[in-house]
Amino acid sequence: MDFDKAVFFLKRNWYSKEGIVVAEIFSLTALICLTQMLSLGGLASAIFVFSFMVILFVFWLLSLQPPKTPKNKVGFLISIASSDEDDAKRVKEDLVIPLMQLVKSGAAGKSFYFIELPQHLAEKILDPDQAEIIRVKSRAHFMLYGRVRKRLFEDGKMYHFFEFEGVVAHQPISNEVSKVLSDEFGELIPRKIQIPPENDLFSFQFTSEWADLVSRYIIGIAAGCSGDIYYAEQLFDDVRDRLTTKDKTFPVFAKLNERLPVRKAEIYEGMATSIHRAWANSFDSNLIAKIPAWLDKIDLDQQQRPGVNALRAICAFVINKDANLAMSYVMKLQDKSSPIWNLNVAFLYGFMGDLKRSVQRYRAAARATIEIEAINQVEDFLNWAIEENPEIYQLNYCLGFFNWQIRGDILQAKSNLQRFIELSNSNFPKEKELASEWLKQIDKELNQSIELLTV
């Protein structure tokens, strides 16, 4: 076997099946000669040769695997297949290394682990499915992949043509959020770029900056969707700081500048909402006190988001005991078709003593379909409010009507209305009469139920 030809072949084809076959044959020939020179016995010679061949094969298999992201790091994988070695070297020096430096800089940079996929693996990635397989194997959270080619253009000059795609990992999220993430990625990632030869260094650098900003932004969205609010905030702040030195007229940078406040508002509102859910299960005052700090982080032009107004209303009532302020926030929503909006307005009217309007809103809510979980939460909240504010005894009237007409618990409704009548003074004479009439109707319904059971 020609030694030089074998070495040349292995250098070009090591990662192929043909490469390992040639390597095994070449090694076998060399090892047999070596054992004969050393005068090893038959058994010892066989063990030595077999062991080496196995080690060589295992080493070949390992060389086909992508590098892996260490634990507690965010893997950033870049894979760019090049048409020749010169292009690969140029892309590495002028695009990959600058991108790595950008990714690892900034407040969130220390959490990234940058991986450049070897060319023999990058060449095999032809579609999103293959890219996802490699991303999973490398335990990367973000992957930017594509190809670069040299093509002769109409002006007679040789251009670099880039094609990029991206993959980002996230915990299970809804289809709607997943679509938003995919659309954002597709819109902002530098998918197809042609770089002319006269300013290719500048264009490579610009592409690195572009990819870095979009990557941080997309990973920030994914982190927010996965519940890692602090990391998402850190990434968004990095993008904001970097955009201050960029050309705001460039379409992608303009879009990032426009959308950052929205994305930050979403993660802050999401955090406040999760705290509110936890409070609704425990009514722990220490929890509700944390919500305003998150809402105050939201930019001024995003403060009128419906979710923000709803959370402000909750805080105004629970923390500040200000039903009027809470009502002002709820009224900004003006969603009369929503049963939840009607239930909130009904409660606040009841708390402020306007029981006529309160019942009107409860009736409006009763005409809509309400999920059982929401009904349970409203009942829990009403019971909590009565316990916290015993002097606002008219809430028993509201709770009685709610349990009767919405929850369908007529026994509990009877108990609530009786409690209202017992505590009533001269403030609500008409409502006291109505409560008495409702109790008669409830007794009639109870008797009918008993008759049906005895038939």
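Nothing here was measured: the structure is a model prediction, and the numbers come from that model.

Parameters and conventions
Numbering of residues begins from 1 in every chain and follows the order in which that chain's sequence is written. It should be noted that, the model being predicted, local features are given only for residues of pLDDT at least 70 and side-chain atom pairs only at 80 or more, the latter also being counted only at that level, while totals for whole chains, interfaces and linings use all residues. Side-chain measures here rest on the full set of heavy atoms in the structure, leaving out hydrogens and waters. The secondary structure listing takes helices from DSSP runs of H or I that are at least 4 residues long and strands from runs of E that are at least 2 residues long, numbered from the N terminus. With a 1.4 Å probe rolled over the protein chains alone, any residue whose accessible area is under 20% of its type maximum counts as buried; one over 50% counts as exposed, and the rest are partly exposed. Any pair of residues with heavy atoms lying within 4.5 Å of one another is described as a contacting pair. Only the protein chains shown count as cover for residues, and the accessible areas themselves come from Shrake-Rupley with a 1.4 Å probe. Take the residue count of a helix, subtract one, and multiply by 1.5 Å to get its expected span. For a residue, the bend is simply the angle between two axes, fitted respectively to the seven-residue segment ending there and the seven-residue segment starting there. Here, a salt bridge means any Lys or Arg side-chain nitrogen found within 4 Å of an Asp or Glu carboxyl oxygen. Known as pLDDT, the predictor's per-residue confidence is scaled from 0 to 100. When the centres of two rings from Phe, Tyr and Trp lie within 6.5 Å, Trp using its six-membered ring, the rings pair. Their planes under 30 degrees apart give stacked, over 60 give edge-to-face, and anything left gives tilted. To form a nonpolar core, buried Ala, Val, Leu, Ile, Met, Phe, Trp, Tyr and Cys residues must be joined to one another through side-chain atoms within 4.5 Å. Here the rule is simple: two strands pair whenever DSSP picks up at least two bridges between them. Looking down the strands as they point away from the viewer, one classifies a crossover as right-handed if the path from the first strand across the helix to the second runs clockwise. Put simply, the grid is 1 Å and covers the protein atoms alone, a cavity is a trapped set of points that fit a 1.4 Å probe, a pocket is an open set with protein on both sides within 12 Å along at least five of seven lines, and lining residues have an atom within 4 Å of a point. Grid points are joined across faces, edges and corners, and a volume is the space filled by probe spheres set on the points. Three classes are used: nonpolar for Ala, Val, Leu, Ile, Met, Phe, Trp, Tyr, Cys and Pro, charged for Asp, Glu, Lys and Arg, and polar for all others, with Gly counted as polar.

## What to know about the overall build of the chain
- When its secondary structure is counted, the chain shows 20 helices and 5 strands.
- Each of the 455 residues in the chain was classed as buried or not, and the buried ones make up 44%.
- Taking all contacts inside the chain whose residues are at least 6 apart in sequence as the whole, residues at least 24 apart take part in 63%.
- When the accessible surface of the chain is totalled, it reaches about 24800 Å², and 56% of it is carbon and sulfur.

## A closer look at the environment of Arg312
- Within the fold, Arg312 resides in helix α13 (residues 306–318).
- By relative accessible area, which is 17% here, Arg312 ends up buried.
- With 17 residues separating them along the chain, Arg312 and Tyr329 place their C-alpha atoms 6.7 Å apart.
- With near-sequence residues (within four places) excluded, Arg312 lies in contact with Pro292, Leu295, Asp296, Gln303 and Tyr329.

## Some details on helix α10 (residues 251–282)
- With 32 residues, α10 ought to run about 46 Å at 1.5 Å a step, and its terminal C-alpha atoms sit 47 Å apart, in line with that.
- At Arg259, α10 is bent by approximately 35 degrees, the largest bend along its length, and proline Pro261 sits one to four residues beyond.
- Two residues or fewer past α10, Phe283 is found with a positive phi of approximately 55 degrees.

## What about helix α15 (residues 339–351)?
- Compared with an ideal rise of 1.5 Å per residue, which puts 13 residues at 18 Å, α15 spans 18 Å between its outermost C-alpha atoms and is within 8% of the ideal.
- Judged by how many residues are buried, α15 sits mostly within the fold: 11 of 13 residues are covered.
- Along α15, the residues that are buried comprise Pro339, Trp341, Asn342, Leu343, Val345, Ala346, Phe347, Leu348, Tyr349, Gly350 and Phe351.
- Buried-residue contacts for α15 involve α13, α14 (323–333), α16 (355–366), α17 (372–388) and α18 (395–407).

## What about the pattern of salt bridges?
- One pass over the structure, following the stated rule, counts 18 salt bridges.
- A salt bridge links Asp354 to Arg357, with the shortest nitrogen-to-oxygen separation between them at 3.6 Å.
- We classify Asp354 as partly exposed; its relative accessible area is 27%.
- We classify Arg357 as partly exposed; its relative accessible area is 42%.
- Bridged by salt links that share partners, the residues Asp212, Arg216, Asp238 and Arg242 form one connected network.

## Comments concerning the confidence of the model for the chain
- Summary statistics for the chain give a mean pLDDT of 83 and a share of 87% for residues scoring 70 or more.
- Helix α12 (residues 291–296) holds the highest mean pLDDT among the elements of the chain, 96, whereas helix α1 (residues 3–13) holds the lowest, 58.

## Some thoughts on the packing of aromatic side chains
- A complete count under the given rule lists 29 aromatic pairs for this structure.
- Measuring from centroid to centroid gives 6.1 Å for Phe347 and Phe351, while their planes differ by 40 degrees, and the two rings are tilted. Of the two residues, Phe347 and Phe351 both sit in helix α15, 4 residues apart, roughly one turn of that helix. In terms of burial, Phe347 and Phe351 fall into one category: buried.

## What to know about the nonpolar core
- By size, the foremost hydrophobic cluster in this structure holds 109 residues, and its most contacted members are Phe317, Phe347 and Tyr362.
- Sort the elements by how many residues they give to this core and helix α8 (residues 200–225) lands first, with 11 residues.
- Apart from residues no more than four positions distant in its own chain, Phe317 is found in contact with Asp322, Ala323, Ala326, Phe347, Leu348, Phe351, Phe381 and Trp384.

## Section: the pairing of strand β2 (residues 112–116)
- As judged from the 5 bridges shared by strand β1 (residues 74–82) and β2, these two strands associate in the parallel manner. Bridge assignment links Gly75 to a residue of β2, and that residue is Tyr113.
- Each parallel crossover has a hand, and the one from β1 via helix α4 (residues 85–103) to β2 is right-handed.

## Regarding the layout of surface pockets
- As a volume, the largest pocket reaches approximately 1200 Å³.
- Mapped by element, the contributors of at least two residues to the lining of the largest pocket are α10, α13, α14, α15 and α17.
- Here the lining of the largest pocket gets 8 residues from one element, more than from any other, and that element is α10.
- For the lining of the largest pocket, the residue count by class is 21 nonpolar, 8 polar and 5 charged.

## Re unusual backbone geometry
- Phi at Asn72 is positive, roughly 65 degrees, even though this residue is not glycine.
- Checked against the element boundaries, Asn72 lands in the loop between α3 (42–63) and β1.
- By relative accessible area, which is 80% here, Asn72 ends up exposed.
- In this model, Lys321 sits at a positive phi of 55 degrees, which is unusual for a non-glycine residue.
- Looking at Lys321, the relative accessible area reads 45%, which means it is partly exposed.

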